[in-house]
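Analysis of the macromolecular model
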Amino acid sequence: MNMAQMMKQARKMQEQLAQAEEALKDAEVSSSAGGGMVKVTATGNMRITSIQIDPQAVDPDDVELLQDMVMAAINDALTSAQNLANQQMGAITGGLNIPGLM
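The text that follows walks through the structure, step by step, so that each part is easy to find. Computed from a predicted model, the values in this text were never measured in an experiment.

1. Quick notes on the sheet that holds strand E3 (residues 48-53)
- Read across the open sheet, the 3 strands follow the order E1-E2-E3; overall the sheet is antiparallel. The sheet terminates laterally at strand E1 (28-33) and E3, the two strands that pair on one side only. Going from strand to strand, the sheet's axes swing by 15° on average, the running direction of each strand aside.
- Judged from the 6 bridges that link them, E1 and strand E2 (residues 38-43) form a sheet pairing that is antiparallel. By the bridge assignment for E2, serine 30 is matched with threonine 41.
- Contacts from helix H2 (residues 63-93) reach E1, E2 and E3, with the element oriented near 150° to E1.

Have a look at this one:
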């Protein structure tokens, strides 16, 4: 492979990565905790877009449980978003770990 071909291939990969990053902004993943009492939605670019809390989960005597459920749902949603991003980017890069990407 000559240098011109390598540069052309690199530009193509860069364009594909930019398209994938744009698509991740619209992709959504959801997670829940506490048997569905807390639901969190995140985008593929790691933004929380929605948190829903069932009113039954709000117990003034046990705020700590609600905090734990919210944290668990958020962490799970962000893990799912990261996995989605890795999957989409990995399909483009062929599994190469390129610094600076997701």
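2. What about the side chain of threonine 41?
- The topology assignment puts threonine 41 in strand E2.
- Every residue in contact with threonine 41, bar those within four places of it in the chain, is listed here: Glu28, Val29, Ser30, Arg47, Ile48, Thr49 and Ser50.

3. As for unusual backbone geometry
- Here methionine 46, not a glycine, exhibits a phi torsion of approximately 70°, which is positive.
- Within the secondary structure, methionine 46 is located in the loop between E2 and E3.
- Classification of methionine 46 as partly exposed rests on a relative accessible area of 30%.

Conventions we followed
- Residues numbered from 1 in each chain as written.
- Predicted model: local features only at pLDDT ≥ 70, side-chain atom pairs only at ≥ 80, totals over all residues.
- Heavy atoms only, no water.
- Pairing = 2+ DSSP bridges.
- Helix = DSSP H or I, 4+ residues; strand = E, 2+ residues; numbered from the N terminus.
- Axes fitted to C-alpha atoms, helices over the stretch in contact; angles between N-to-C directions.
- Contact = heavy atoms within 4.5 Å.
- Buried < 20%, exposed > 50% of the residue type's maximum accessible area, 1.4 Å probe, protein only.

The analysis is restricted to geometry; functional conclusions fall outside its scope.
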